[in-house]
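Tertiary structure, described
So you can see what is in the structure, the chains are spelled out below.
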Amino acid sequence: MRAFDILKEARVLSRPELAKRIGLSRAAIALVADDLLQAQVAREVGLGDSTGGRPPVLLEFNPQAALALGARMLDSEWGLVVTDLDAHVLEHLDIPILGTRPEAAVEALCGGVRTLLTRVDRTRVLPAIGLGTPGLVDMRAGVIISAVDVGWFEVPIRAMVEQELGMAALVANRSKVGALAELWCDPQPGVSEVIYISIGTGIAAGIVHDGKLYLGPNSSAGELGHVTVAADGPLCPCGNRGCLQQLASGLAIANRARELMRMTTGTVLHKLVGNYPERMSAQIVLTAAEQGDPLACQVVDEVAGYLVIAIPNLIKLLKPKVIILAV
């Protein structure tokens, strides 16, 4: 795995250079290089500069050697992708989840995976899927310990998916997955400290420290949604009052917009949802705010006020180089 990561980052290396970076002998690195070549992760692309003997053969990283499956659950929908080894998306599919039980989510996921696999060469797909789910996730056990916003507790999501699909499943909170995606897909020189804040049915932070995902005990680090931002705020299902999740999540944004809509008429929000306030979503509020709708702008300003309480505390504690807000 170390050789894979080094070659992926460098793109082209000779065997002696690879051995030096890993700390292996040239004899040992020959076996590693042969494994990379056999898996087609590396390919030989000519000769490097000679340092006195024969010019070394150069190895080039091959991102097309295999395809990877991934899925993220956002509200009542899965977003599924097939990528190459550089995480470039080759196929994408959104699948609605019909129901609120974990079994409904697994059924939708597996149906989407089977559809997606018909679009690619299945022989090149790795026998595993990465899952980004809501809630507090024990990554080692593959269990969603609690996802209060969707009403799930102690859900063995990894075992459920593996039994249905017959392939390994790697499970993490979707904010942690998002943090890694930003680090891998949009790398910035010298940036190894990143916080990715996902605002959906809940709010959580994926924390990258020194280039690695920070997990904490039971993968529990980053539960930003249950930070108190209003001492006399609404009661949260977690038992506390004034949690950020109750005031700035996607559901909270939609509920606040509905509340304000009842006090007036003729706004952009009214136009976008018609006579069906149940259609309201955080995305609709943001769309209306972009069009200058005063009602939507008020909601966004209120949410921003709560975020401005929580996020600076993260900055003071962790000193990230980059903070990303994802809605």
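Rules of the game
- Residues numbered from 1 in each chain as written.
- Predicted model: local features only at pLDDT ≥ 70, side-chain atom pairs only at ≥ 80, totals over all residues.
- Heavy atoms only, no water.
- Helix = DSSP H or I, 4+ residues; strand = E, 2+ residues; numbered from the N terminus.
- Buried < 20%, exposed > 50% of the residue type's maximum accessible area, 1.4 Å probe, protein only.
- Lys, Arg positive; Asp, Glu negative; His and termini not counted.
- Charge placed at Lys NZ, Arg CZ, Asp CG, Glu CD.
- Expected span 1.5 Å × (residues − 1).
- Arc of directions from axis to C-beta.
- Contact = heavy atoms within 4.5 Å.
- Polar contact = N/O pair within 3.5 Å; in protein donor to acceptor, adjacent residues only side chain to side chain.
- Pairing = 2+ DSSP bridges.
- Axes fitted to C-alpha atoms, helices over the stretch in contact; angles between N-to-C directions.

1. Section: the overall build of the chain
When you go through the chain residue by residue, the secondary structure sums to 11 helices and 15 strands. Expressed along its principal axes, the backbone C-alpha trace of the chain runs to roughly 80 × 45 × 40 Å. Within the span of the chain, comprising 327 residues, buried residues form 45% of the whole. Of the side chains in the chain, 29 bear a positive and 34 a negative charge, and the two mean positions are spaced by 3 Å.

2. Considering helix H3 (residues 26-38)
The end-to-end C-alpha separation of H3 is 18 Å, in line with the 18 Å expected for 13 residues at 1.5 Å each. Turning to H3, its buried residues number three or more, namely Ile29, Ala33 and Leu36. Looking straight down H3, one finds its buried side chains confined to an arc of 55°; they lie on one side. Counted as exposed and oriented over 90 degrees from the buried face of H3: Ala27, Leu31, Asp35 and Gln38. Next to the buried residues of H3 lie helix H1 (2-10), helix H2 (15-22), strand S2 (42-47) and strand S3 (57-61). A positive phi of about 65° marks Gln40, the residue just after H3.

3. Points about the side chain of Thr201
Inspection of the secondary structure assignment puts Thr201 in the loop between strand S12 (194-199) and strand S13 (203-209). Reaching out from Thr201, the side chain makes a polar contact with the side chain of Arg174 at a distance of 3.0 Å. The residues touching Thr201, leaving out its near neighbours within four places in the chain, are Asp75, Asp149, Val150, Arg174, Gln245 and Ser249.

4. Some points on the pairing of strand S15 (residues 322-326)
Burial of the side chains of S15 is restricted to one face: Val322, Ile324 and Ala326 are buried, whereas none of Ile323 and Leu325 on the reverse face is. Strand direction decides the pairing type here: S12 and S15, joined by 5 bridges, are parallel. Residue pairing for S15: Tyr196 is matched across the bridge by Ile324.

5. Section: the sheet that holds strand S5 (residues 77-83)
Here we have 5 strands laid out as an open sheet, ordered S6-S5-S4-S7-S11, and mixed in their pairing. The sheet terminates laterally at strand S6 (89-96) and strand S11 (168-173), the two strands that pair on one side only. Averaged over neighbouring strand pairs, the angle between their axes works out to 20° when direction is ignored. Sheet topology places strand S7 (residues 125-133) next to S11; 6 bridges connect them, and they run parallel. Within S11, the residue paired with Thr133 across the bridge is Asn173.

None of this, on its own, says anything about what the molecule does.
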